[in-house]
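Residues per chain, in single letters:
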Amino acid sequence: MMLLNNIQHIYSSLPHKIIKENQPLADLSTLGTGGKAEYFAQPQSPDELQQLIRAIRSEDSPFELPLSVCVIGGGTNTLIDDGITHGLTVSTRKMNSLKWLNDSTAEIQSGFSLPVLVRTLRERNIGGLEFAEGIPGTLGGALTGNAGAGGKGVCEYAESVKAVDSSGNIRTLARGEFEYGYRICSLSEEELIIVSAVMTFNSTLAYDERAGEYFRSKRGTQPLNARSAGCTFKNPEGVSAGKLLDECGCKGLSVGDAAVSDKHANFILNKGHASSADICELMRQCAERVYENTGVMLEPEIRRWQPVFCVQ
Ligand SMILES: Cc1cc2nc3c(=O)[nH]c(=O)nc-3n(C[C@H](O)[C@H](O)[C@H](O)COP(=O)(O)OP(=O)(O)OC[C@H]3O[C@@H](n4cnc5c(N)ncnc54)[C@H](O)[C@@H]3O)c2cc1C
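Residues numbered from 1 in each chain as written. Predicted model: local features only at pLDDT ≥ 70, side-chain atom pairs only at ≥ 80, totals over all residues.

**Digging into the site of the ligand**
Around the ligand lies a shell of 33 residues, among which Gly73, Gly137, Gly140, Gly141 and Gly230 are the nearest. Residue assignment for the shell around the ligand shows that the elements contributing at least two residues are β3 (67-72), α4 (139-145), β8 (148-149) and β14 (193-200). In terms of residue count, the dominant contributor to the shell around the ligand is α4 (five residues). Partitioning the shell around the ligand into residue classes produces 12 nonpolar, 19 polar and two charged. (Near = placed C-beta within 6 Å. Helix = DSSP H or I, 4+ residues; strand = E, 2+ residues; numbered from the N terminus. Nonpolar A, V, L, I, M, F, W, Y, C, P; charged D, E, K, R; others polar.)

**As for the sheet that holds strand β15 (residues 254-255)**
Within the open sheet, the three strands sit side by side as β15-β16-β17. Their pairing is antiparallel. Of all the strands in the sheet, the pair left with one neighbour each is β15 and β17 (268-270). Pairing between β15 and strand β16 (residues 258-260): two bridges, direction antiparallel. Bridging from a neighbouring strand, valine 255 pairs with alanine 258 of β16. Each of β15, β16 and β17 touches helix α7 (residues 276-294); the most contacted strand, β16, lies at about 30 degrees to it. (Pairing = 2+ DSSP bridges. Contact = placed C-beta atoms within 7 Å. Axes fitted to C-alpha atoms, helices over the stretch in contact; angles between N-to-C directions.)

**As for unusual backbone geometry**
For the bond from leucine 65 to proline 66, the omega torsion is 0 degrees, close enough to zero to count as cis. By the element assignment, proline 66 lies in the loop between α2 (46-57) and β3. Phi is positive for asparagine 125, close to 60 degrees, though the residue is something other than glycine. The residue arginine 183 is not glycine, and still its phi comes out positive at about 55 degrees.

**As for α7**
Every α-helical turn comprises 3.6 residues, leaving residues that sit three or four positions apart pointing alike. Taking 1.5 Å of rise per residue, 19 residues should cover 27 Å, and α7 covers 27 Å from first to last C-alpha, within 8% of that figure. Restricting attention to buried positions, one finds in α7 the residues Ser276, Asp278, Ile279, Cys280, Leu282, Met283, Cys286, Ala287 and Val290. The secondary structure elements touched by the buried residues of α7 are β4 (78-79), α6 (241-247), β15, β16 and β17. Immediately downstream of α7, the backbone of glycine 295 shows phi near 80 degrees, a positive value. (Expected span 1.5 Å × (residues − 1). Buried ≥ 20, exposed ≤ 12 C-beta atoms within 10 Å, placed from the backbone.)

As structure tokens, then:
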């Protein structure tokens, strides 16, 4: 508590007392697993996040450096570690504004909800993101993993990305300075916290209601009322991971309260009080089964909990 008081004192210049200690993290992930953050902050603006990182580096900072920093957006694709996450965990959810710059371009903060973005485009009759109907989470999380469906991904529409680095400086990466592919984006390796992106959609392309309905209806095959992090494994080239898992008899496998969904073999569910370790072990068993039966090594789509950078 003493340390926390010192920290709050140092950040008294910030508009809110934004650092908490021993913050439970499970409710911030759709899987509902994971332990506590040693320190936790939910900045309300990129500026506040920048000030926070700078204050941590300042001479009178009570933090012991290096301090690792983890980031959570919507928590819909992340397996948070059980136990204590040392260092600072930053939630981006309160950095969630959207500002239209013209008919088809908007500057959107990283904590903005992807479903709300998709709905906004639908309501404005702007096409492009129909494939993202039903994908939960925030824009920041979507950009780091190039979230998508049907061969398309969100990064395609990112004109530029603004982010805070481990020195508390703002960096802007223009299109061409980051690369992306199937559920992968180089932004996730840049040691940056994304704070906003300028997204450009095609204003001459109307929202395609049939495509939107197609992607919404595909959600019917997924266990949407249960706790999950979406698809557990990426699809190997030309094959559905769900089909492989199903054919290898993974439906019905469980470890503690972690279970493979009966509805969709590529979804692992937390049916009660599963730990992240249970989910990890079940992922291992599923991957092993598929490898032994087919020789295919599945790659996780769920993201491991790891710091984005260390403040030195
Ligand atoms: C029911 C269900 C269905 C899903 N369907 C799909 C689908 O069809 N297609 C698909 O691609 N995904 C799908 N997902 C997975 C998930 O919704 C997406 O990957 C989503 O884009 C993740 O966003 P998030 O904000 O929840 O990310 P989080 O889980 O919060 O974070 C994911 C990773 O990004 C990092 N991160 C988050 N925000 C930032 C930031 N601002 N700066 C730097 N790093 C950051 C985190 O540290 C973490 O490593 C589904 C998930 C569920 C639960």
